[in-house]
Amino acid sequence: MNISLLEPIGISQEMIDDLSKELKDAGHSFTYYDTKTTDVEELKRRSAGQDIVMIANTPYPDEVVRACDSLKMIAVAFTGIDHVGLEACREKDIMICNCAGYSNTSVSELVLGMTIGVMRKIITCDQAVRQGKTSMGLAGTEIEGKTVGIIGCGQIGFKTAKLFQAFGAKVLAYARHERAEVKEAGIQYVDLDTLMAESDIISLHTPANAETKGMISAEKIAMMKPSAIFVNCARGPIVDNCALAQALNDDKIAGAAIDVFDMEPPIPEDYPLLHAKNTLLTPHVAFLTKESMVRRAKTEFSNVYAYLKDEPENVCKF
C-alpha cells in the first residue's frame, strides 16, 4: 500500500525512520513530508494515490478527502478528529483511527499548572519581582477544600479529577455516560447546571462536535460563582468565548485559564479573551510535551500496522 505522513509529528527523523522501517521492509511505499501545509491543493497533491494518510492536527477537509480516489484509512496523531472532513469520510467509508490517551498526562498536568497559575497569580508575582514591587495585593487562593467541576469525565477528565483530588479538592463531574470507576474514586456525578453553580474551579474536557458546540453558553457562565475560575484545555468552540471574556471583565467570575480558542493561534488582535481580566492564556500546548509526542507517534504508526493486519485499533465513531 501507499502510505504518506503529511506533516511533522514532533519527533526526530531518526525515529520516523525507525517507526516506518517495518512498512518499507514489507514492501509498502512510505513518504514523509517534513513541512506542514494547510493549502488544500498541496494536501491533495501529497495525498494523491495514497491508501493511508497520516496527519496530526492539520485541517484535512472534505474537499481533500473527496479528491483521494484510493484513500481507505486516515491515521490521526491527535485525540480529536474535528479537523478531519468527516462528511466525506462517511461518504467514502474511510476509517479514521486516532491516538486517544497519548496526551492524558500532558493535558491534565497543564490544567493543574494553569489553575495554580491563576489562583496564585504567578505571572503577576513574577512581574512584581522584576518591577521591584512587594507581595502587596498578591494573596492567592488554595485548591485544597475547593469544589472542582469536571465537564466530560473521559480518560483526560478522570485523570485531571484525580490530580485535583490529590490536592484535597472535592470533585463533581458531568458526563453523558456515567462510569463505575469514576464513582468508585469518590467523584459525584451531577447535572451541568449544578456543576456550574457549585464549583470553585471548572475544567472542560469534552470533544468538539455538533452536540457540544456552544455548550458553555452565556447562560451557563452566568451560573458560576463570582469567586470561580474556568479552565479550558479541550476545544475553544465548546465555549461562548465572548461571553466568557465579558464575565471576566465584569468581575462576574474570578479568572480563567485558556489553552484553546475559536481558531488556532496566532490569535487575532481583537479577540475578546486577549483583553479579558485575570486570564492566563497558552497557545494550544496542552498536548505538547516531549513525552507525549513520542507516545502519539508510536500509537499512530501502531494504528497503521494494525490496519494493515486487518486488526484495526483506536477506530473512531463519527
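Everything discussed here concerns the structure shown above.
Residue positions within a chain follow its written sequence, with the count starting from 1. Restriction of local features to residues with pLDDT of at least 70 applies here, the model being predicted, together with a cutoff of 80 or more for giving and counting side-chain atom pairs; totals for whole chains, interfaces and linings are based on all residues. Computation of side-chain values covers all heavy atoms of the structure but excludes hydrogens and water.

### With respect to the state of the cysteines
What is meant by a disulfide is a covalent connection between two cysteines, made through their sulfur atoms. Defined as follows: To count as a disulfide, a pair of cysteine sulfur atoms needs to be within 2.5 Å. Three labels apply to residues, based on accessible area from a 1.4 Å probe with only protein chains included: buried if under 20% of the type maximum, exposed if over 50%, partly exposed otherwise in between.
Taken as a whole, this structure holds zero disulfides when the rule is applied. In this structure C233 is not part of a disulfide, and its nearest cysteine sulfur, from C153, lies 15 Å away. Overall, the relative accessible area of 8% leaves C233 in the buried class. Just so you know, C242 is unpaired, no disulfide at all, and the nearest cysteine sulfur is the one on C233, 20 Å from it.

### A look at the side chain of T212
Spelled out, the test is: Secondary structure elements follow DSSP: runs of H or I no shorter than four residues count as helices, runs of E no shorter than two count as strands, and numbering proceeds from the N terminus. By the convention used here, residues are in contact when the closest approach between their heavy atoms is within 4.5 Å.
Counting through the fold element by element, T212 comes out in the loop between strand 9 (201-204) and helix 10 (218-221). Exposure remark for T212: the relative accessible area of 9% places this residue in the buried category. Not counting residues within four places of it along the chain, the set of residues in contact with T212 comprises T206, P207 and I238.

### Observations concerning the nonpolar core
Put simply, the rule reads: Residues grouped as a nonpolar core are buried Ala, Val, Leu, Ile, Met, Phe, Trp, Tyr and Cys residues, joined through side-chain atoms within 4.5 Å.
In this structure, I9, M54, Y60, I74 and F301 are the most contacted members of the largest nonpolar core, which totals 44 residues. Listed by contribution, the elements that provide at least two residues to this core are strand 1 (2-5), helix 1 (13-25), strand 3 (52-55), helix 3 (62-66), strand 4 (73-76), helix 4 (86-92), strand 5 (95-97) and helix 12 (290-308). In terms of residue count, the dominant contributor to this core is helix 12 (six residues). Within the second largest apolar cluster, 30 residues are counted, among which are I221, V239, A245 and L273.

### Description of the packing of aromatic side chains
Each aromatic ring pair is characterised by the separation of its centres together with the angle its planes make. Using the following cut-off: Ring pairs shown here join Phe, Tyr and Trp side chains whose ring centres sit within 6.5 Å, with only the six-membered ring taken for Trp; geometry is labelled stacked below 30 degrees between planes, edge-to-face above 60, and tilted in between. Working rule: Lys NZ or Arg CZ, within 6 Å of ring centre, within 35 degrees of ring normal, means a charge sits over the ring.
Within this structure, the stated rule accounts for three aromatic pairs. Between F30 and F301, the aromatic rings sit 5.8 Å apart at their centres with planes inclined by 50 degrees, giving tilted as the arrangement. Of this pair, F30 sits in strand 2 (residues 29-32) while F301 sits in helix 12, and the two are 271 residues apart along the sequence. The class of F301 is buried, set by a relative accessible area of 1%. With 5.9 Å between their ring centres and 80 degrees between their planes, F261 and Y271 make a pair best called edge-to-face. Here F261 is found in the loop between strand 11 (255-258) and strand 12 (279-281), whereas its partner Y271 is found in the loop between strand 11 and strand 12, with 10 residues between them in sequence. A relative accessible area of 7% places F261 in the buried class. Positioned over the ring face of F158 is K162, at 4.5 Å from the centre of the ring.

### Remarks on the packing of helix 1 against helix 12
Two measures define how a pair of helices packs: the angle their axes make with one another and the distance between the axes. Rule in force here: Under this scheme, a helix contributes an axis fitted over its contacting stretch, all axes are lines through C-alpha atoms, and angles between N-to-C directions fall in the 0 to 180 degree range. An angle below 35 degrees is read as roughly parallel, one above 145 as roughly antiparallel, one from 65 to 115 as roughly perpendicular, and any other as oblique. Each residue is assigned to one class: nonpolar for Ala, Val, Leu, Ile, Met, Phe, Trp, Tyr, Cys and Pro, charged for Asp, Glu, Lys and Arg, and polar for all the others, Gly among them.
Relative to each other, helix 1 and helix 12 sit at 10 degrees, their axes nearing to 10 Å. The angle between the axes of helix 1 and helix 12 places the two elements in the roughly parallel class. Residue-level contacts link M15, I16, L19, S20, K21, E22 and L23 of helix 1 to V294, A297, K298, F301, V304, Y305 and L308 of helix 12. Among the residues making up the contact of helix 1 with helix 12, the classes are represented as 10 nonpolar, one polar and three charged.

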